[in-house]
Amino acid sequence: MGAGSGTEEPTLPVASVARRLGVAPSTLRTWDRRYGLGPSRHTDGRHRRYGSSDIGRLELMQRALLSGASTAEAARYALEQMPRSGPPQPEEPGEPPGASVADDGLEVRSRLARRLSTAALAMDVGAVQRMLADTIAELGVLPAWAGVIEPVLSALGPRWRGASAGAEVEYLLAECVFAALVRATPVLDEPRNTRPVLLGCVPEERDTMPMYALAASLAGKRIGAQLFGVALPAEVLAVAVRRSAPSAVVLWAHRRGVADTRLFARVSRGRQRSRLFACGPGWDPAGLPDKVELLADLPGAADRIEHVLVGGRRESREEHLQGAQVPEGAPHGVPGNFDLGDSVGGTR
């Protein structure tokens, strides 16, 4: 994440925003060229960086797409809700003029999201469970979470409820997601890391499902994790860290009001040292201690944790299936791109 000098807001490059929204970078460039939904600022000449307002418009557009709007209608809705200030940025060279937004799978994700939303609104538990399983199997855990499950949860949540979608729909979907994410998390006989990654939420945080998605993704990479799906009081979390001696501690915060950086000092006391990570939009990058690394999004978090803990190359799927022997101590594993297709909010 980049930040300007003084009081300038943090910004994200194209690749990070694409991962956050579950689309390809080429899709963002197409939306910018066709509909003016690009970054508001450039740095170092041509480097494109998205601010919070730019990302907010893209999230509005994505929700409209998942509700069945066409791409043009969704873009118009996003710009009406959050108008841009200043002239539009010039389009970037190098994109073929006939590039299609649907080429990167956005059409597939929109179709899956509409089917999942329809099943949830009908209170059809079996259909919801099947849709979650199919989505995770087709896309992989984190792409399914970012591109289908989380947007549907947000669309059916309290702020977006209409007369036809009450709290019962939201709760049903959330329970199914939790179950799907758990089912998507294999039990590892021989994890690649010798000590677990402790995944938890800051006290008072209610949005804990992303940690289930991260745990499932890490398990797909054969990284063992110890997940606390309920937000623990600070003193209980500190004791859990001391007793489990994790190789890394990841603390999730969705809301700014509940993220307290002093929590890291409490969990890092004692002789056992763990790598410390802050994950989620609730953390203020400028306020984090030097020893705490910010993980901007879940896909980036899974990759970074894997790199920090085991590094090196990972064995191919063919090698793993054939039982290839790896020298003791050498990092190994399978490319676990396995999606959250079985869950809406954290269950698999």
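The model shown is predicted, which means the values in this text are computed figures rather than measured ones.

J.: Is there a simple way to explain the overall build of the protein chain in this structure?
T.: Looking only at helices and strands, the protein chain has 13 helices and 9 strands in total. Expressed as a percentage of the 348 residues in the protein chain, the buried residues total 48%. Excluding contacts between residues fewer than 6 apart, the proportion of contacts in the protein chain whose partners are at least 24 apart in sequence is 74%. Counting every atom, the protein chain has about 16700 Å² of accessible surface; 51% of that belongs to carbon and sulfur.

J.: I tried to follow the packing of aromatic side chains on my own but got confused; where do I start?
T.: Each aromatic ring pair is described using two quantities: the centre-to-centre distance and the angle formed by the ring planes. Per the stated rule, a full pass over the model turns up 2 aromatic pairs. An angle of 70° between the planes, with centres 5.0 Å apart, marks the rings of F178 and Y212 as edge-to-face. With a gap of 34 residues between them, F178 in helix α8 (residues 167-183) and Y212 in helix α9 (residues 209-220) connect regions that are remote in the sequence. We classify F178 as partly exposed; its relative accessible area is 24%. Ring geometry for F264 and W283: centres 5.1 Å apart, planes at 45°, overall tilted. Of this pair, F264 sits in helix α11 (residues 262-267) while W283 sits in the loop between β8 (275-279) and β9 (292-295), placing them 19 residues apart in sequence.

J.: What is the right way to read the sheet that holds strand β6 (residues 225-227) from this model?
T.: Think of a sheet as strands paired side by side through backbone hydrogen bonds, with each pair either parallel or antiparallel. With parallel pairing, 5 strands are arranged side by side in an open sheet as β6-β5-β7-β8-β9. Sheet topology places β6 and β9 at the edges, where each strand pairs with a single neighbour. When strand polarity is set aside, the average angle formed by the axes of neighbouring strands in this sheet is 25°. Taken together, the 5 bridges between strand β5 (residues 197-201) and strand β7 (residues 248-252) define a ladder with parallel strand orientation.

J.: Please explain helix α4 (residues 71-81) as it appears in this structure.
T.: Helical periodicity: at 3.6 residues per turn, an α-helix aligns residues three or four positions apart in one direction. Within the span of α4, buried status applies to A74, A75 and A78. Along α4, the residues classed as buried sweep out an arc of 100° about the axis, all on the same side.

J.: Quick question: what am I supposed to make of the state of the cysteines here?
T.: Working definition: the covalent bond between the sulfur atoms of two cysteines is a disulfide. Inspection of the entire model under this criterion finds 0 disulfides. Between C279, a free cysteine, and C201, which holds the nearest cysteine sulfur, the sulfur-to-sulfur gap is 9.6 Å. Classification of C279 as buried rests on a relative accessible area of 1%.

J.: Help me out: how do you make sense of helix α10 (residues 234-244) in this one?
T.: The set of residues buried in α10 consists of A234, L237, A238, A240, V241 and S244. One side of α10 holds all its buried residues, which, seen down the axis, span an arc of 160°. In the core, the buried residues of α10 are packed alongside β5, β6, β7 and α11. Following α10 by one or two positions, A245 has its phi on the positive side, about 45°.

J.: Whenever I open this one, the pairing of β5 confuses me. Can you help?
T.: Along a regular strand, successive side chains alternate from one face of the sheet to the other. Burial analysis of β5 places 5 of its 5 residues in the buried class, which makes it a mostly covered element. Of the two faces of β5, the one lined by V197, L199 and C201 and the one lined by L198 and G200 are each fully buried. Summarising the sheet, β5 and β6 pair through 3 bridges and their orientation is parallel. Across the sheet, residue L199 finds its bridge partner in β6, namely L227. A crossover links β5 with its parallel partner β6, the connecting element being α9, and its sense is right-handed.

J.: Any chance you could explain the pattern of salt bridges here in plain terms?
T.: One side chain can pair with another of opposite charge once the charged atoms of both are near each other. One pass over the structure, following the stated rule, counts 8 salt bridges. Close ionic contact of R275 with E293 constitutes a salt bridge, the shortest N to O distance being 3.3 Å. Here R275 is found in strand β8, whereas its partner E293 is found in strand β9, with 18 residues between them in sequence. Overall, E293 belongs to the partly exposed group, its relative accessible area being 23%.

J.: Looking at this structure, how should I read the side chain of T208?
T.: With respect to the helices and strands, the residue T208 is situated in the loop between β5 and α9. Within the local environment of T208, its side chain forms a polar contact with the backbone oxygen of G229, the two atoms lying 3.1 Å apart. Not counting residues within four places of it along the chain, the set of residues in contact with T208 comprises F178, C201, G229 and A231.

J.: Explain unusual backbone geometry here, please?
T.: Leaving glycine out, the prevailing phi sign among residues is negative, and the prevailing peptide bond configuration is trans. Positive phi, normally seen in glycine, also occurs at E204, with a value near 75°. For E204, the location among the structural elements is in the loop between β5 and α9. Not every positive phi belongs to a glycine, and R222 is a case in point at roughly 60°. With respect to the helices and strands, R222 occurs in the loop between α9 and β6. R222 gets classed as buried once you look at its relative accessible area, which sits at 11%.

J.: So what exactly am I meant to see when it comes to the confidence of the model for the protein chain here?
T.: Detailed conclusions should not be drawn from predicted coordinates in areas where pLDDT is low. Looking at the protein chain, pLDDT values average 77 and 75% of them are 70 or higher. Contacts for the low-pLDDT stretch residues 159-164, under 50 throughout, to residues beyond four places or in other chains number 11 contacts. Taken together, the stretch residues 315-348 has pLDDT below 50 and engages in 142 contacts with residues farther than four places along the chain or on a different chain.

Rules behind the numbers
- Residues numbered from 1 in each chain as written.
- Predicted model: local features only at pLDDT ≥ 70, side-chain atom pairs only at ≥ 80, totals over all residues.
- Heavy atoms only, no water.
- Helix = DSSP H or I, 4+ residues; strand = E, 2+ residues; numbered from the N terminus.
- Buried < 20%, exposed > 50% of the residue type's maximum accessible area, 1.4 Å probe, protein only.
- Contact = heavy atoms within 4.5 Å.
- Areas by Shrake-Rupley, 256 points an atom, 1.4 Å probe, with all protein chains shown as cover.
- Phe/Tyr/Trp six-rings, centres within 6.5 Å; stacked < 30°, edge-to-face > 60°.
- Pairing = 2+ DSSP bridges.
- Axes fitted to C-alpha atoms, helices over the stretch in contact; angles between N-to-C directions.
- Arc of directions from axis to C-beta.
- Disulfide = S-S within 2.5 Å.
- Right-handed = clockwise from strand over helix to strand, strands pointing away.
- Salt bridge = Lys/Arg side-chain N within 4 Å of Asp/Glu carboxyl O.
- Polar contact = N/O pair within 3.5 Å; in protein donor to acceptor, adjacent residues only side chain to side chain.
- pLDDT = per-residue confidence, 0-100.

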